[in-house]
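Residues per chain, in single letters:
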Amino acid sequence: MTLAARKGSMGIIVRYLLMLAAASFLAVATAFPSQYSDFKLEDYNFTDVITRDVCIVGGGSSGTYAAIRLLDLGKSVVVVEHKDRLGGHTNTYTDPQTGRTVDFGVLQFHNLDIVKNYFKRFNIPLVLANSSRSGVTSYVDLRTGKEVAGYVPPDPTEALVRYAAQLTKYPYLGTGLNLTYPVPEDLLLPFGDFVTKYSLQGVVQLLFEYAQGFGDFLKHSTLYVLKYFGTAVIGDLQFGVLTTARHDNSELYEKATAELGEDVLLKSYIVAMDRDAAGAYAKVVVKTPDGLKLIQARKIILTIPPKLHNLVGWDLSSNESSLFAQFRNSAYYTSLVRHTGIPDNITVLNVAADTPYNLPVLPGAYEISPTTVPGLYTVLFGSDHPLPDAQVQADIISTISRLGTEGTLPTTIPYFAIFSSHTPYELTVPAKAIKNGFYKELYGLQGQRRTYYTGAAFVTHDSSLLWQFTESLLPLVVA
């Protein structure tokens, strides 16, 4: 049997196993809620029944913003979050020796009024961020640990002008994924083909570096790249971006948590739901550290990635299940590593010696860059598919060690100060689904069964744009 034939037969086996797994999941997801199918008030202690105008599922960027703004609009809320904190992909580390804070998740925000007003509400000062790299940049193929001799990053200026011209054709991408139909063919092209068609080769490296977490973005439909590196980002290149003056982006979520108080259920998850219940309220059963709670809510806002494994316990309709099952995703991991041995003035960028546009081969680290704390480095890692955290950490350690083994840079045996998985990242569907109206159907779910949707799957991975989209949704929620 040839290698190609083995790959083909393996693909059939994998697809068959995935079909079995999907069928098994749907059977479990359907059966599991029956364990908690009693939504009667009299079966719960008075203190375990929570009645609110809106139940928000997920306390990341979108969910926290929705909760605070709804409070401002006079509505009562409860937030269900499975982590032990609010903030989602916003990660901040406090160095125990110096007391300095280092953001290693969400770093910057667009210079928009909605951003400035949100931070002002919590008395958190903003400043223009310094996006330039200081010191020396070393371009290394991290597969081998060797520097790529003679590599010089391309000048993106001319190609960026052509890219911006293409963006102007699709102004609606600035506010979400409300596409025009038929969907323009250019948006369905693999981005690599789009680059060739419009001579955008010079900007590929810049786009790839910005779109960390996408995996192999040349294979993605152009729609997703234009959405992520959109007009707001072009504006950033002209007017700069914002960050917190205290270099602590998590302060926003700490203050929001304090204000929401008992209206946040941390380390909690949904085990059953009845959005079609008679009367004014949807019923939601939540497992919390203090036991089961029954939430009665007039409206529900879903902000978490709508992947089926995230929605066990939901009373999904066949249409909802069909749409959410189509999502696929890449994976993204952020970390801070100590004791690398790399000098504090050197940034290592992963550049392949033998690939189109010198884009690095994934899974792998995007970059290893110094922080404001001596001896503490940020390491960002991406993959086309989710990986176990332990595997990613082992890959990072071996990557750093390889730099020393090859004599490229001095290294020692590093260890993690902190590690965070931002997976699932960048939810996408195939071009055929986009063409056939996937996003029209997805957006058509808004308001059905007392439920509204926001989050990166409906916009993109960008806090500022998520707040804009969520703000536009609120009039429908409070109506």
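Fair warning: this is a prediction, and the values are worked out from it, not measured in the lab.

Draft legend 1. Examining the environment of Leu-86 more closely. Mapped onto the fold, Leu-86 is located in the loop between β2 (77–80) and β3 (92–94). Leaving out residues up to four positions away in the same chain, Leu-86 has contacts with Gly-59, Thr-64, Val-79, Glu-81, Tyr-253, Thr-257, Leu-260, Val-264 and Leu-266.

Draft legend 2. Inspection of the packing of aromatic side chains at higher detail. Overall, the coordinates contain 31 aromatic pairs when judged by the stated rule. Where Tyr-443 meets Phe-469, the ring centres are 6.0 Å apart and the plane angle is 65 degrees; that geometry is what we call edge-to-face. Taken together, the positions of Tyr-443 in helix α14 (residues 438–443) and Phe-469 in helix α15 (residues 463–478) put the pair 26 residues apart, joining distant regions of the chain. What makes Tyr-443 buried here is its relative accessible area of 11%. Phe-469 sits in the buried class, given a relative accessible area of 7%. Members of the aromatic cluster, joined through ring pairs, are Phe-191, Phe-194, Tyr-198, Phe-208, Phe-217, Tyr-332, Tyr-366 and Tyr-425. It is Arg-121 that lies over the ring of Phe-122; its NZ or CZ is 4.9 Å from the centre.

Draft legend 3. Here's a closer look at the UniProt feature "domain: Amine oxidase" (unreviewed entry) in the chain. The feature "domain: Amine oxidase" (unreviewed entry), as annotated in UniProt, sits at residues 63–310 in this numbering. Taken end to end, residues 63–310 comprises 30% helix and 21% strand; its first and last C-alpha atoms sit 15 Å apart.

Draft legend 4. Quick look at the side chain of Thr-347. Note that Thr-347 resides in strand β14 (residues 346–350). Each residue touching Thr-347, except ones within four places of it in the same chain, is listed here: Arg-133, Val-136, Thr-137, Ser-138, Ile-368, Ser-369 and Pro-370.

The rules behind these values
- Residues numbered from 1 in each chain as written.
- Predicted model: local features only at pLDDT ≥ 70, side-chain atom pairs only at ≥ 80, totals over all residues.
- Heavy atoms only, no water.
- Helix = DSSP H or I, 4+ residues; strand = E, 2+ residues; numbered from the N terminus.
- Contact = heavy atoms within 4.5 Å.
- Phe/Tyr/Trp six-rings, centres within 6.5 Å; stacked < 30°, edge-to-face > 60°.
- Buried < 20%, exposed > 50% of the residue type's maximum accessible area, 1.4 Å probe, protein only.
- Lys NZ or Arg CZ within 6 Å of the ring centre and 35° of its normal.
- UniProt positions renumbered as here; feature names shortened; annotations may be inferred.

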